[in-house]
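These are the residues of each chain, in order.
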Amino acid sequence: MVALYQGRRRSRAPTWYFNMNNILLKNINKPNSTDIETYLKGGGYKSLEKALKEYTPKDVIDIVQKSGLRGRGGAGFPTGKKWEFAAADKNTPRYLLCNADEGEPGTYKDRPIIEKDPHQLIEGIIISGYAIGAAACYIYIRGEYAYGADVLRRAIAQAYKKGFLGKKILGKKFDFDLYVHKGAGAYVCGEETALIESLEGKRGQSRIKPPFPVNVGVWNKPTVINNVETLANISHIINNGPDWFKTMGPEKCPGPKIYSISGHVNKPGNYELIMGTPLKDLIYKYGGGIRNGRNLKAVIPGGASTPVLKPEQIDVNMDYESVGAVGSMLGSGAVMVMDETVCMVGVARRLLKFFAHESCGKCSPCREGTHWLVQILDRIVSNEGKIEDIDLMLDICDNMRGKTFCPLGDGAINPVLSTIKHFKDEYLIHIEEKRCPVGYRHSEHCL
Amino acid sequence: MSDTNIEKKGYAFSKEGMNRLKEMMKDYPSSDALLLPALYIAQEEFGHLDTEALQYVADVLKVPKSKVYGVATYYTMYKTKPTGKHLIQVCTNLSCSLLGADHIVKYLENKLTIKVGETTPDKKFTLITVECLGSCGTAPMMQVNDTYYENLTEKEIDRILEELK
Ligand SMILES: Cc1cc2nc3c(=O)[nH]c(=O)nc-3n(C[C@H](O)[C@H](O)[C@H](O)COP(=O)(O)O)c2cc1C
Ligand code: SF4
Ligand code: FES
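Residues numbered from 1 in each chain as written. Chains lettered and ligands numbered in written order. Predicted model: local features only at pLDDT ≥ 70, side-chain atom pairs only at ≥ 80, totals over all residues. Heavy atoms only, no water.

Report on the interface of chain A and chain B, specifying residues and quantitative values.
Taken together, the contacts link 68 residues of chain A with 50 residues of chain B. Here chain A meets chain B over a buried area of about 4,600 Å², counting both sides, of which 53% is carbon and sulfur. Seen at the junction of chain A and chain B, the total is two salt bridges. The interface formed by chain A and chain B contains 19 residue pairs in polar contact (both at pLDDT 80 or more). Listing elements by their share of the side of chain A that touches chain B, those giving two or more residues are β1 (9–10), β4 (134–141), β5 (177–182), α8 (192–199), β7 (256–263), β10 (334–339) and α14 (344–358) of chain A. (Contact = heavy atoms within 4.5 Å. Buried area = accessible area lost by both parts, 1.4 Å probe. Salt bridge = Lys/Arg side-chain N within 4 Å of Asp/Glu carboxyl O. Polar contact = N/O pair within 3.5 Å; in protein donor to acceptor, adjacent residues only side chain to side chain. Helix = DSSP H or I, 4+ residues; strand = E, 2+ residues; numbered from the N terminus.)

This is the structure in structure tokens:
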């Protein structure tokens, strides 16, 4: 028997989540929120019952399609469509993988669901498994979330006991198993094909697509991969119907959304709001504005691989289309806020170090390109850069864009391209005047 | 590949560890998937994963040692070198750096009188820096073995180190 609660989390700030929409985070402040009895008392597993008794698997897929739910893992793919593709593949068994790898810097939105309301996720997983006709689901959770993995294991054991998992669930001809599988520290394993490789016991290196996982996934079987937050939405959609879901946020990507706000704001935390919430409100209304009365300098709206925005660009709604229209991406909805003390060359350097470290090394544009970019950025922050370095970096980025096996390489160029685009003056000061434009050192390397 | 090394160190899973592994075999259609879990068990029981430990895992799972080695070195959470009793991992990714992660690292270096990557002479503490751990809203933060410590301040660090001693 695996010892429970080996991992612990200690925080002096118990309110790192703010339930302002009362759907995905509605349970988290309840005492014993992880216990199945608490969940049942709040109406839990009613939607599983409804799905299994009132709907065929195809009905469930149709309802999710109609709701307009799009994946919350970053790419925003329509969830119902993905399920339809996998369900249409006659090869069996099919598998569902829950992506709990949460590694995109700035992102910590799946954590409250995992740590505080595991049954909401489990119920969503079982319904999803029913819809696509899956034999089992593996929750691939990043190794560092040891505490979360223990919470999930305990919750899964409870769900088995109640007959929500296992053979003949709720008396139906539906068998379904659920397991927790721990990753071991590799950001790229959040990418769906690398996740599959890792689950199969290999080095987590991305596969080239096609074939897509919906046809050739884990153990070469049809596989659906969904993010934790995506799956947490499912029970609510079944309970309240697709029309209810569509009342929240923009038509093209409705529903609740958890935004992780971090950096130089007064009230960082996870905020459950709706899709399309204005970025400006996230920073000023919810995040409480910039710390120490300073001015805003830059925002990364969707995690480390999304392009930086300037203060003039924050009048934008947080949905895929709107953020795309201002030249960035919604990504995971992780808002990283930087004030005027931050050197943007330092930011680019820090993020590129991350990407270079995490590149799986399978394709050369990403493997070599990220390291070259780090070397150049190193020299610029050390005031040893040359003016040609800017063009050199643009050239390297050009040779990476769209030329890599997986989107990690595409994401890696964004910090460089967007800081050159919006903050070129800072590069020029570092290169020509051989000094940092802000002079406030958050670290030895301008960051 | 020689088996003599194994005998030298006598690596073997405890009964409990072996049972855990056997239990897990039922969870996957292919036993290859057990490699990551098996490496975790090995690390828990043997402290770190030296070549003999990797050979042992390869033998137990009947997979080539080269594959085990490849996997163990790919993932950052597997330690192929010994670490101190408490592995202090400070996140220095962007959100944490914005709120003083570098200062936290310096403070720990001074307090433990070691540099990043080193272990204290009494083998109690190893200090490393890591990438984002999903605690960006409670930055700066560190993880010690499996435990997250968030909203770090100097005082908090003093208290934590005292408690861990
Ligand atoms: C480098 C990289 C890292 C990723 N990390 C994650 C992650 O940690 N969690 C996640 O859900 N999706 C992550 N994704 C996206 C997944 O590949 C995939 O699109 C997603 O899990 C699909 O689920 P969804 O449709 O529910 O969003 C990552 C993608 C890339 C390219
Ligand atoms: S883009 Fe980078 S992470 Fe993705 S497959 Fe290529 S080398 Fe690996
Ligand atoms: S940046 Fe440090 S935990 Fe995310």
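Picking up after the structure, the text goes on.
So what about the sheet that holds β5 of chain A? Which residues, and what values?
Residues and elements named next belong to chain A. Pairing within the open sheet is parallel, and its four strands lie in the order β5-β4-β3-β6. Both outer strands of the open sheet, β5 and β6 (223–227), are each paired with one neighbouring strand and no more. Across the sheet, the mean angle from the axis of one strand to that of its neighbour is 20°, orientation sign disregarded. With seven bridges joining them, strand β3 (residues 94–100) and β4 adopt parallel strand pairing. (Pairing = 2+ DSSP bridges. Axes fitted to C-alpha atoms, helices over the stretch in contact; angles between N-to-C directions.)

So what's going on with the site of ligand 2? Which residues, and what values?
As a matter of local geometry, ligand 2 sits amid 13 residues, with C360, K362, C363, C366 and C406 of chain A nearest to it. Looking at the shell around ligand 2 residue by residue, the class counts come to seven nonpolar, five polar and one charged. (Near = heavy atom within 4 Å. Nonpolar A, V, L, I, M, F, W, Y, C, P; charged D, E, K, R; others polar.)

Which residues make up the packing of aromatic side chains, and what are the values?
Two aromatic rings, taken as a pair, are described by how far apart their centres are and by the angle between their planes. Taken as a whole, this structure holds 24 aromatic pairs over all chains when the rule is applied. When the ring of Y271 of chain A is compared with that of Y286 of chain A, the centres are 6.0 Å apart and the planes differ by 55°; the resulting orientation is tilted. Of this pair, Y271 of chain A sits in strand β8 (residues 269–274) while Y286 of chain A sits in helix α12 (residues 279–286); the two residues are 15 residues apart in sequence, bridging distant segments of the chain. For Y286 of chain A, a relative accessible area of 15% gives the class buried. Above the face of the Y40 of chain B ring, K182 of chain A is positioned so that its terminal group lies 4.6 Å from the ring centre. The residue whose ring lies beneath K257 of chain A is Y259 of chain A, and the NZ or CZ to ring-centre distance is 5.9 Å. (Phe/Tyr/Trp six-rings, centres within 6.5 Å; stacked < 30°, edge-to-face > 60°. Buried < 20%, exposed > 50% of the residue type's maximum accessible area, 1.4 Å probe, protein only. Lys NZ or Arg CZ within 6 Å of the ring centre and 35° of its normal.)

Describe in detail the pattern of salt bridges, supporting the description with residues and values.
All names here are of chain A. Per the counting criterion, the structure on display carries 37 salt bridges over all chains. Among the salt bridges present, the one from K81 reaches E84, with a minimum N-O distance of 3.8 Å. Of this pair, K81 and E84 are both found in helix α4 (residues 79–88), three residues apart, which corresponds to roughly one turn of the helix. The exposure class assigned to K81 is partly exposed, which follows from its relative accessible area of 33%. Here D378 ties to R349 by a salt bridge, and the two come within 2.5 Å at their closest N and O atoms. Taken together, the residues span a long stretch of sequence, with D378 in helix α15 (residues 364–381) and R349 in helix α14 at a distance of 29 residues. Note on D378: relative accessible area 26%, which makes it partly exposed. Within the structure, one salt-bridge network assembled from shared partners comprises K109, D110, E229 and K257.

Kindly report on the nonpolar core, identifying the contributing residues and their values.
Nonpolar side chains tend toward joint burial in soluble globular proteins. Counting 94 residues, the largest nonpolar core has M338, M393 and Y427 of chain A together with L39, V57, Y75 and L94 of chain B as its most contacted members. Apart from the residues within four sequence positions on either side, M393 of chain A is in contact with L373, I376, L377, I380, V416, I420 and Y427 of chain A. Counting residues in hydrophobic clusters, the runner-up holds 74 residues, among them I114, F164, F176 and V228 of chain A. (Core = buried A, V, L, I, M, F, W, Y, C linked by side-chain atoms within 4.5 Å.)

Tell me about helix α8 (residues 154–164) of chain B, and name the residues and values.
Residue and element names in this part refer to chain B. Residues E156, I157, I160, L161 and L164 constitute the buried set of α8. Around the axis of α8, the buried residues are gathered within 130° of arc, so they sit on the same side. Of the exposed residues in α8, the ones pointing more than 90 degrees away from its buried face are K155 and E162. Close packing links the buried residues of α8 with β1 (86–91), α7 (101–112), β2 (125–130), β3 (142–144) and β4 (147–149). (Arc of directions from axis to C-beta.)

Could you give me a rundown of the domain arrangement of chain B, with the residues and numbers involved?
Domains assigned within chain B are domain 1 (15–74) and domain 2 (86–164). For domain 1 of chain B and domain 2 of chain B, the distance between their C-alpha centres works out to 29 Å. (Domains from an automatic or database assignment.)

Explain the confidence of the model for chain B residue by residue, including any values.
All names here are of chain B. Across chain B, pLDDT averages 93, with 95% of residues at or above 70. Confidence over residues 1–7 falls short of pLDDT 50; this stretch has eleven contacts with residues more than four positions distant or in other chains. For this predicted complex, the interface confidence reaches an ipTM of 0.94, while the overall pTM sits at 0.96. (pLDDT = per-residue confidence, 0-100.)

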